[in-house]
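Read off the chains here:
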Amino acid sequence: MKINLKIKACLIVAFVFFSMQCFSQRTETNFNNNWSFILEDNTTFSAKDFDASSWTVLDVPHDWSFEKGVRDGGDQGQGGGYHDGGIGWYRKSFNVKKESLSKINYINFDGVYMNSEVWINGIYLGKRPYGYISFRYDISKYLNEGQNTIAVRVDNSLEPSARWYHPCGIYAAVRLIQVNPSHIAPNGVFVTTPKIEKSQATVSVKTAFVNASEGKTCKTTILSSEGKVLKTATQKIKDSESTINLEVANPKLWSPETPNLYKVITQLVDGKKIIDQVETTFGFKTVKWDTKTGFWLNGENVKLKGVCEHWEGGPVGGAWTKPMLRWKLQSLKDMGINAIRPSHNPTPPMFYDICDEIGLLVMDEIFDGWHKKAPQDYGAQAFDAWWQRDMTEWITRDRNHASIFVWSLGNETHSDIAPELVKLGRSLDNTRLFTSGAGNSEDMDIIGVNGGSETQSFLENKTFDKPFISTEAPHTWQTRGYYRTQTWWRDNALPGTYELPNLTEKEIFFYEGINPKNWKNRKQCFNSSYDNATVRISARKNWEVMRDTPWHSGHFRWTGFDYYGEAGLVHGGLPFNLFMGGALDVAGFKKDLFYFYQSQWTTKTMLHMLPSWTHPRMEKGTVIPVWVYSNADEVELFLNGKSLGKDKPGTVWNEMQCEWMVPYEEGKLEAVAYVKGKEVKRTAFNTSAQPSKLKNTITKLAAEDSFRASYILTSEGIDANGNLFPYAENKVYYNLQGDIEKVSIENGNPIDPTSRTKADYRSLFFGKVRLFLEEKSAAKNASIITAAILGDKALYVSNEISIDAQQIALFGKSKFSDFEILYTVNGDNPATSGIVYKKPFTVLDGTTVKAVVKQNGKVVLTMEETFGKNEGLFWGDEHSAAMWVGRGVNIAAEEGILEGDAVVSDAAHRYKGSGFVRFDGKEGAITFYQENDGEAGDYSIRFRYMHNNEGKLHPMKLFVNDEYIRTLEFPSTGDWEKEWKFVPTIIVLKAGANNIKLQTNGESGPYIDELFVD
């Protein structure tokens, strides 16, 4: 038998290192499975012999806040998308063999949010306040032969503890690491590449040891990405450390395009016995920052095409598994990004592993603030006592990753402590530079600027004496499937903005998620997908200026994915519970913005057209801007077979899309892309009838490391000819069969109150919804039954209703049998009084259709759908939202953080939003949150109030960012029922996050309705 010599060599190397690993005695055990959990608090829960058999058994990662879902009045407030906090406990029992008692045993947590405390066999180990850091405890001396129990208390009772949604619980992997008493220290290997040339590179491996007495040696081996041994060296250990330098010939460089990785095997050797071994992945790359020319990677001037990304978001809250996280990061990579900024905290290690592998540069960030920003955040609770320890863990843990190219120490924060952070950082890693997102630039190596970097005056007039990067820009909003031709500014048109003209003289689209009469404020609209909803700049203009400005190193747009939380900032608060600044929504559906970036940042031919060509309420002949994003040479547009001409994608911002002004008529709209005169791609929209079928598609995400495989089931509402009905809003129901668990159902809808985790259905949002699943342990087979009562919710297109049910195999052998569908239209129970569904039927306005799906005589799905002219999306006209034109930014008092005896009430008239705040003769305070994406400066504000205490001024103290500003007086308005007036003042808002607090001053306070920022 012949065997390829290269394969043979790799097999030999693999065998050698497998043998070494067997003798090295280091073992890492997956500790993710079979935890017991309870969302309560009791001191007895930490006891060794406590009976937790009544608790819920689950696997981690786990996020109880996401599982509980959105709640009006949720502890986390608008910043956390109205999710809750609370206190939860986890317990896990495990067996220890007698021979393990002579070892060192570490329990390692990759992430627990927050204020975690850990007990082993009832013995207290310690506390870790920061929710975004890895940590471990040496539990060796507390272990017993046989059964042992670990208990973890997680305390999120103080809320809000972040300015965005945060997870609650053990949201990342847990491992039990067993080593010899003499071993390589945790985070003890530091690999650097001090010299990189084309023909040769130097690799320096510095290793720290625990209990490594004289006479032991360190052996270091470098492997290629194919597993080939490149170099080996041995050194005697001195003072519990070793530094070994090795040379590698013809190094393959790491970059986003070529993510070449190498591996260092570090071994602790006693005589001929290997007693510990650690594998470290690294890469060769050169990084240079230049004030005039920006960022250089491997000798090439590169623009950083990045996104900011919270750890939380998408369909899992904060409980990402590795297959799901890889799907998320690869989706962003497919858009064309080359960089990512985890905002505003470190992530679990697997994030950086994936970035290493797929090729994403990482701006690794440690803190949001160096002091309080959210009322109960890490800055308020623990920063002063813990920042050094947390920062040391962060850098020593992450510094070997090829993907990490710069350290970021904070975000929109300012403090005299900045030089101390930089100093500590440099002592831990002097191979990378330090920056921050708009914080203490004078102390940083690189100037990072957030929203202020997207103004015209900044981009055209700024000069720097240091390299610059736009750490958070642009800020634009898009709701998938929603369009407006009129430009929308989050804070009205601000000074210093680039021109962003309306696309048509008058608005032509008139649908909304909420009737404008019921908006709390002008922000409660959806946001247009034409790239014309923004704070200061469009995505297209920002890219043009960044691309053409040499000193501009690049940007991290806010954000890649939509995320839960900050729902009041842009979108006005409940019922909005998420933030729509992403290029993909929280279900991972790609928005039009995704394709814009893909057209600019990728080379594989792509073609994307917008908007849809189904506009049932639009008058024929209405002129619609039709855009096509493409990186082809030119694009031709056809309507019902007739050419409307060709257009070429340009380099100027408003020419980056091919554009036609097309009078609307039903039919087929088709775009054809050409390269060098030859057709390379085409895409088309057909005007759709009402939805009558489900189109279901399965995506499998392969298992990796200790995480089981995941599945994504995408459901779309299509008409009889297979066309997507872009306004489909019907509920899609799911029944899971076999060895599969539901993670969530997500549609991207920011105002859908349906539980993502508890309900067995979710509505289509602009035609689409997704079910996210994970295999159970030792899974053998699974399938999904899915069904929907389909039709136009408003009965405008048609009053014909269809019912579709399907069974979809996921894996293994599932038993399939035919369905029986029964329905009623009169309110009766379809299981007992239903009509057998055989073909579509018609309904009247206001009809509720009930249906059941039976399989083998058993009801597997129970469904309900109401149809009528007042159902679903609001359809209005050009005057529907006129009442909100020109209104300033208003922040509802009932959305603020209340203290003391301040309470929410609706017992009055003419208030705005869902209520107001009253004090009833008692004392209290309201804290409003306002994000300032521009420069610090003076702002006019007004408080809307009411009271009828004649002669009373109800003085209230005004604080801005915890600093007392002045005392405001509130004269009588003449009524306690409906006479609202304003008290104006001027304050200074800093760039970034601001807290505005109004506090009673011993004489109670009036009704407070809103804060206006004019």
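Please read these numbers as outputs of a predicted model, since none were measured by experiment.

Basis of the calculations
Residues numbered from 1 in each chain as written. Predicted model: local features only at pLDDT ≥ 70, side-chain atom pairs only at ≥ 80, totals over all residues. Heavy atoms only, no water. Helix = DSSP H or I, 4+ residues; strand = E, 2+ residues; numbered from the N terminus. Buried < 20%, exposed > 50% of the residue type's maximum accessible area, 1.4 Å probe, protein only. Contact = heavy atoms within 4.5 Å. Areas by Shrake-Rupley, 256 points an atom, 1.4 Å probe, with all protein chains shown as cover. Lys, Arg positive; Asp, Glu negative; His and termini not counted. Charge placed at Lys NZ, Arg CZ, Asp CG, Glu CD. Salt bridge = Lys/Arg side-chain N within 4 Å of Asp/Glu carboxyl O. Phe/Tyr/Trp six-rings, centres within 6.5 Å; stacked < 30°, edge-to-face > 60°. Lys NZ or Arg CZ within 6 Å of the ring centre and 35° of its normal. Axes fitted to C-alpha atoms, helices over the stretch in contact; angles between N-to-C directions. Parallel < 35°, antiparallel > 145°, perpendicular 65-115°, else oblique. Left-handed = near helix turned anticlockwise from the far one by under 90°. Nonpolar A, V, L, I, M, F, W, Y, C, P; charged D, E, K, R; others polar. Pairing = 2+ DSSP bridges.

Trainee: So what exactly am I meant to see when it comes to the overall build of the chain here?
Mentor: Looking only at helices and strands, the chain features 12 helices and 67 strands. For the chain, the spread of C-alpha atoms along the principal axes amounts to about 85 × 80 × 65 Å. Evaluated residue by residue, the chain yields a buried proportion of 61% over its 1014 residues. For the chain, restricting intrachain contacts to residue pairs at least 6 apart in sequence, the fraction spanning at least 24 positions comes to 72%. Summing over all exposed atoms, the chain offers an accessible surface of approximately 38900 Å²; the carbon and sulfur share of this is 48%. Where the 114 positive side-chain charges of the chain centre and where its 124 negative ones centre are 6 Å apart.

Trainee: Quick question: what am I supposed to make of the pattern of salt bridges here?
Mentor: Going through the model one piece at a time under the given rule, you end up with 47 salt bridges. Between aspartate 752 and arginine 762 there is a salt bridge, and its shortest N-O distance comes to 3.0 Å. You can see aspartate 752 sitting in the loop between strand 46 (740-746) and strand 47 (761-763) and its partner arginine 762 sitting in strand 47, a full 10 residues away along the chain. Because the salt bridges share partners, they merge into one network encompassing Asp41, Glu117, Arg153 and Asp155.

Trainee: Help me understand unusual backbone geometry, please; the structure alone is not making it clear to me.
Mentor: Most peptide bonds adopt trans geometry, and most residues besides glycine take a negative phi value. Residue histidine 344 follows serine 343 across a cis peptide bond; omega there is 0 degrees. Along the polypeptide, histidine 344 turns up in the loop between strand 24 (339-342) and helix 4 (349-358). A cis amide bond links tryptophan 558 with the next residue in sequence, threonine 559, at an omega value of 5 degrees. Residues other than glycine seldom take positive phi values, yet asparagine 856 does so here, at roughly 55 degrees. Among the secondary structure elements, asparagine 856 is positioned in the loop between strand 54 (847-855) and strand 55 (858-867). Its identity is not glycine, yet histidine 954 carries a phi of approximately 40 degrees, on the positive side. Residue position: histidine 954 is located in the loop between strand 62 (937-946) and strand 63 (956-960). Owing to a relative accessible area of 3%, histidine 954 belongs among the buried residues under this scheme.

Trainee: I tried to follow the packing of aromatic side chains on my own but got confused; where do I start?
Mentor: Centre distance and the angle of the planes are the two values used to describe a pair of aromatic rings. Tallying each qualifying case throughout the model produces 80 aromatic pairs. Centroid distance phenylalanine 458 to tryptophan 551: 6.5 Å. Interplanar angle 65 degrees. Geometry classified as edge-to-face. Here tryptophan 551 lies in the loop between helix 9 (539-548) and strand 33 (552-557) and phenylalanine 458 lies in helix 8 (residues 456-461), a separation of 93 residues in the sequence. With respect to class, phenylalanine 458 is no different from tryptophan 551; both count as buried. Ring geometry for phenylalanine 594 and tyrosine 595: centres 5.2 Å apart, planes at 75 degrees, overall edge-to-face. Positioned over the ring face of tyrosine 796 is arginine 617, at 4.1 Å from the centre of the ring.

Trainee: Just to check I follow, could you spell out the packing of helix 9 against helix 11 (residues 592-601) for this structure?
Mentor: Helix packing geometry: the angle between the two helix axes and the distance between the axes. It is the contact of helix 9 with helix 11, at a shortest axis distance of 11 Å, that shows an interaxial angle of 25 degrees. With respect to helix 11, the element helix 9 is oriented roughly parallel. In the packing of helix 9 onto helix 11, the handedness of the crossing is right-handed. Of the residues in helix 11, those touching helix 9 at Ala539, Arg540 and Trp543 are Leu593, Phe596, Tyr597, Gln600 and Trp601. Among the residues forming the contact of helix 9 with helix 11, the class breakdown is six nonpolar, one polar and one charged.

Trainee: How do you make sense of the environment of lysine 97 when you look at a structure like this?
Mentor: Mapped onto the elements of the fold, lysine 97 is located in the loop between strand 4 (86-96) and strand 5 (104-109). With relative accessibility at 58%, the residue lysine 97 sits in the exposed group.

Trainee: What am I meant to see in the sheet that holds strand 47 here?
Mentor: Reading across the sheet, the five strands line up as 47-45-49-50-53 and stay open at both edges, with antiparallel pairing between neighbours. Only two strands of the sheet have a single neighbouring strand rather than two, namely strand 47 and strand 53 (841-842). Strand direction decides the pairing type here: strand 45 (residues 731-738) and strand 47, joined by three bridges, are antiparallel. Looking at strand 47, one finds that valine 732 is bridged to arginine 762.

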